[in-house]
Structure formats: C-alpha cells, structure tokens
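A closer look at the structure
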Amino acid sequence: MMRIHLAFLLAVFSGASTSLLEGTLLNRAVGQSVSFEAPVFVRGFLQLDGLTIAEVSEKKTDEPPPRLRGRLTWDSQTGLFKISDLNPEDRGVYKVENFDGGVQDMVTFTLEVYDPVSLPQVRVTSRGGTCFLECSVKNGREVTLLLKSRGRTLSHTVDPDLNAPLILHRELSESYSCVASNPASNESVTVHPDQHCGGASTSLLEGTLLNRAVGQSVSFEAPVFMRGFLQLDGLTIAEVSEKKTDEPPPRLRGRLTWDSQTGLFKISDLNPEDRGVYKVENFDGGVQDMVTFTLEVYDPVSLPQVRVTSHGGTCFLECSVKNGREVTLLLKSRGRTLSHTVDPDLNAPLILHRVTKELSESYSCVASNPASNESVTVHPDQYCGGLNTATIILCVMSVSLVLNAVMIIVLMYYKRKMKDEVARRREAEETFFDETVKL
C-alpha cells in the first residue's frame, strides 16, 4: 500500500521539466503582425487582458470585436490566432485557452507594440585633415543608438527624455555603422570615411545600409519630384518624368511605387531577390544628385524555444533557436547579456545553457539578426519553485504518513467494531443457552 501511495504522489508532484511558451514576450513594430504559437483546432478562446476576443467552437470562429475586425483571424489549418496591422492599442496580455481533447490548457503571451525606429542621420565634417562623425536619431520608447565598427560596439546612448534626439560623436578613422534599435525594429547607416572626408562638410545618406525582413517594406529616403531614376545594381527599374512614373519590371509590379507627395520610391512585400545596391538619381533643378542605398533582406528570426528542468533545488535553463544568416542567440538578465552564441553552420541550431539557484531572477532568451528579433522571458520561480527533489520527497513522506495514519485509525476502528460484534453475539448465545436450560 505504501508503494502505491508513493508512486501516485511522485506522479503528482513531479513534472520537473516543462516546455515554456507561457509568459512569452512578443515584441512587434506598428504595422507588423503577430501569431500566437498555441494552436486551437476544435474548441478554445483568445483573451486580451481577461476579456474574450475570439472563440473557436466546432472548428469555427465567431466575429471579433469592432476594432479588431479585418485584423484578428484564426487559421483552421494551423490552429493559430493572428493579429495584423498592429497598433499601440494592441499591447497587453493575451491568453490562449485550449479545450481540444477535453482537457484545458492555457498559454500566456505578453505583446508589446513599438513605433518603428527612424533611420539614423549621419553627418561628417572635416577640419585640418581630420574627419568627425555625428550620428543622430529621433528618440522613442526603449530606443538605443549605437556606433559600431568591425562587429564591436564602440559607444551607445539612451535618454529617458523622449523629446530629445539621441546623438553620438566620433573621430572618423575607419568604417562605422550607426545603428538605432528598439526591441521590435532597427535601422542602420554605414559610413566609409574615404568617400566622405574629401570635402569640408557633407550630409550623409550615400552608402546607407538598409536591413529589412522578408515581407516588410523599404522606402529610399531620397526624394524625386520632377525627374529622376531608381536603379538596382546598375539597371534602371523606375523613372519619374514630369511628375509621373513608368511601369516597373514584372517582378516588381504591385510592389514598387513612387509617391508624388513625398517623392519617395518604395518597395513592399520584400523577398531575398530584392537585395542589392539601389541608386536614386535626381535631376530636380537641373542638377544631378545621386544617393546610394544597400538593401539587405533577411528571413525573420524564429521564436526561441526554452526548456527548464529542476533537480536538487537547482534550475537548468536551455534556450535554442533555428539558425540563419547572421542570427545571434543571447541570454539576458536585468539588461545584461550573460552569454551569446553564433554558428556559421546554418543547419545547426543555436543553443545556450544556464544553471541557477536564483529563482527570483528572470531571464530573456533573445534571437536576432540585423532585421528582426524575437524574445522569450522566463521566470524560474514559476517553473522550479517547489519542484526540487528534496521538496518532492518531503511532500511524499508527509502525505504518506498522513494517509497511513488514517489507514491505521480505520483498521483499529473496524477491529474494535468486529471485537464488539463478536462479544455481542457470544453474550446473546449464552443468554439463549441459559434460557434453554431453564426450560
């Protein structure tokens, strides 16, 4: 009997390992979309801050609230809820409740929606044969401005005053990248001193590096209003003449546009074939001006997968993500990067491990490439608290002792009851015998 109790209790109190999607932090930019990776196929709900905004019943879904109509969808093939064209009002805690198979399962996501970061503005001045670089960007929520060279961060700045621009300065002696980023997007401009230090002063958009993810759009910030061209790798793909533009090549039709109000060329729904060097030639005012952009298009990074196991009071964290071009996996805590990894073998997943006994300290597993990032936040106290071996054994022993004590009391009760019953019967038999003898 004791063995049965122990086996049952170990099954109840174990579960020292769990796959973590609960508490997933999803960072997105305004205009992007988000899918909640917790499929519902037969019956379930999607909640936002405790209110149900979508219900699936018998493989059908109801109509979403007015502000989400046309944006909130459910895919019967994948079972996933998705919200498109995000805006700041979509921020909040989302819960997917799944009743498939008759068992309730709940997965929680925290969605943050940020304004896309602006393209950094770069200016180079030359004095006495020395070049000086000024890099600036419009500030915003959680925006960081970094100056990088050869993969190293040379300096960075943030400012809680969102009305003040972020600015960095540097003597220009080699190629630098000025990178503006927030948790949902980033923009960068690369500066080559040999191209810009010949004159006294020049405003730099030439040589701008634009990093985008597949499916995103890009605008070339060099306006043409009257007459000009857009070239890709030396071939003209768009021409503006007398405030009108011609039809683009077949593969860019419906995606390459020119806005007569802003003067900007724009390509939507990007794919890897759109990578290349773009040049905007402007003849407005009768003077030729040329601005060069290098566009890189990356696959969006995958959502990191996190697994936590507990043993002997210690939490073991494993963070992994599908590898890809220029993908980096980082493990962060309290704003600090604890470890990171890259791997030139794109077929091998990126994996990081962490061992901790500090259950109050949360960790973020962040996957990023130059165009996108995804992160999962882990709170060890939710998954390791009370699941260590010592606690399990203590719970098993305590409950087992209680159960056995109850069993002993029950056995003693029945034994006493049986004894009283035997005595009562014996007494009745003796009485019957005595009365028989008297007769």
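Residues numbered from 1 in each chain as written. Predicted model: local features only at pLDDT ≥ 70, side-chain atom pairs only at ≥ 80, totals over all residues. Heavy atoms only, no water.

An order of β19-β27-β26-β21-β22-β23 is seen for the 6 strands of this open sheet, with the pairing classed as mixed. Looking at strand neighbours, the two that pair on one side only are β19 (208–213) and β23 (244–245), the edges of this open sheet. (Pairing = 2+ DSSP bridges. Helix = DSSP H or I, 4+ residues; strand = E, 2+ residues; numbered from the N terminus.)

Per-residue confidence for the chain gives a mean pLDDT of 81; residues scoring 70 or more make up 81%. Below a pLDDT of 50 lies the segment residues 199–206, which in the model reaches 24 contacts outside its immediate sequence neighbourhood of four places, other chains included. Contacts from residues 386–396, a stretch scored under 50 in pLDDT, to residues over four places away or in other chains number 18 contacts. (pLDDT = per-residue confidence, 0-100. Contact = heavy atoms within 4.5 Å.)

Let us now look at the side chain of Glu-97. With respect to the helices, strands and loops of the structure, Glu-97 is situated in strand β9 (residues 92–98). Lys-95 is the oppositely charged side chain nearest to the buried, salt-bridge-free Glu-97, at an N-O distance of 8.1 Å. Within polar-contact distance, the side chain of Glu-97 engages the side chain of Gln-47 at 3.0 Å. If we ignore the near neighbours within four places in the chain, the residues touching Glu-97 are Val-40, Arg-43, Gly-44, Phe-45, Gln-47, Gln-104, Asp-105 and Met-106. (Buried < 20%, exposed > 50% of the residue type's maximum accessible area, 1.4 Å probe, protein only. Lys, Arg positive; Asp, Glu negative; His and termini not counted. Salt bridge = Lys/Arg side-chain N within 4 Å of Asp/Glu carboxyl O. Polar contact = N/O pair within 3.5 Å; in protein donor to acceptor, adjacent residues only side chain to side chain.)

Another aspect to go through is the sheet that holds strand β24 (residues 256–258). A sheet is described by the order of its strands in space; here 3 strands give the open sequence β20-β25-β24, paired in antiparallel fashion. The sheet is open, and its two borders are formed by β20 (218–220) and β24, each paired with just one other strand. Neighbour to neighbour, the strand axes of the sheet diverge by 20° on average, direction disregarded. (Axes fitted to C-alpha atoms, helices over the stretch in contact; angles between N-to-C directions.)

What follows is about the layout of surface pockets. Roughly 1,700 Å³ of volume is contained in the largest pocket. Considering the residues around the largest pocket, the lining is formed by 47 residues, among which Leu-146, Lys-148, Ser-181, Lys-332 and Ser-368 are closest to the centre. Its residues assigned to classes, the lining of the largest pocket comprises 13 nonpolar, 26 polar and 8 charged. (1 Å grid on protein atoms, 1.4 Å probe; cavity = no way out; pocket = protein on both sides within 12 Å on 5 of 7 lines; lining within 4 Å. Points joined across faces, edges and corners; volume = space filled by probe spheres on them. Nonpolar A, V, L, I, M, F, W, Y, C, P; charged D, E, K, R; others polar.)

Here we come to the state of the cysteines. Covalently bonding the sulfur atom of one cysteine to the sulfur atom of another cysteine gives a disulfide. In this structure the tally under the stated criterion is 2 disulfides. The disulfide bridge from Cys-135 ends at Cys-178, spanning 1.3 Å between sulfur atoms. Of this pair, Cys-135 sits in strand β12 (residues 130–137) while Cys-178 sits in strand β16 (residues 176–182), placing them 43 residues apart in sequence. Summarising the burial analysis for this pair, Cys-135 and Cys-178 share the class buried. Two residues share a disulfide in this structure: Cys-319 and Cys-365, whose sulfurs sit 1.4 Å from each other. Taken together, the positions of Cys-319 in strand β29 (residues 314–321) and Cys-365 in strand β33 (residues 363–369) put the pair 46 residues apart, joining distant regions of the chain. Each member of the pair, Cys-319 together with Cys-365, is buried. (Disulfide = S-S within 2.5 Å.)

With that out of the way, let us pick up unusual backbone geometry. The phi dihedral of Asp-49 falls on the positive side, at around 50°, and the residue is not glycine. Considering the arrangement of structural elements, one finds Asp-49 in the loop between β4 (43–48) and β5 (51–57). Positive phi, close to 55°, is recorded for Glu-242, a residue that is not glycine. Relative to the helices and strands, Glu-242 resides in the loop between β22 (235–241) and β23. Using a relative accessible area of 68% as the deciding quantity, one classes Glu-242 as exposed.

Relative to β16, strand β13 (residues 144–149) is paired through 5 bridges, and the arrangement is antiparallel. Residue pairing across strands places Leu-146 opposite Val-179, the latter belonging to β16. Looking at chain direction, β13 and strand β14 (residues 152–157) are connected through 5 bridges and run antiparallel. What sits directly across from Lys-148, in β14, is Thr-153. The antiparallel pairing of β13 with β14 creates a hairpin that spans 2 residues between the two strands, and Arg-150 there sits at a positive phi of about 55°.

Ring pairs (aromatic) are described by centroid distance and by the angle formed between their planes. This model, assessed by the stated rule, comprises 6 aromatic pairs. For the ring pair Phe-229 and Phe-283, a centre distance of 5.9 Å and an interplane angle of 90° mean the geometry is edge-to-face. Here the residue Phe-229 occupies a position in strand β21 (residues 227–232), and Phe-283 occupies one in the loop between β26 (276–282) and β27 (289–298), the gap between them amounting to 54 residues. Through successive ring pairs, a cluster of aromatic residues spans Phe-36, Tyr-94 and Phe-109. Residue placement shows Arg-227 over the ring face of Phe-283; its charged tip is 4.8 Å from the ring centre. Between Arg-325 and the ring centre of Tyr-298, over which it is positioned, the NZ or CZ distance is 3.9 Å. (Phe/Tyr/Trp six-rings, centres within 6.5 Å; stacked < 30°, edge-to-face > 60°. Lys NZ or Arg CZ within 6 Å of the ring centre and 35° of its normal.)

If you walk through the whole model with that rule in mind, you get 1 cavity of 30 Å³ or more. Here the largest cavity is characterised by a volume of approximately 50 Å³. Secondary-structure elements contributing two or more residues to the lining of the largest cavity are β29 and β32 (350–356). The element contributing the most residues to the lining of the largest cavity is β29, with 3 residues. When grouped by side-chain class, the residues that make up the lining of the largest cavity number 8 nonpolar, 1 polar and 1 charged.

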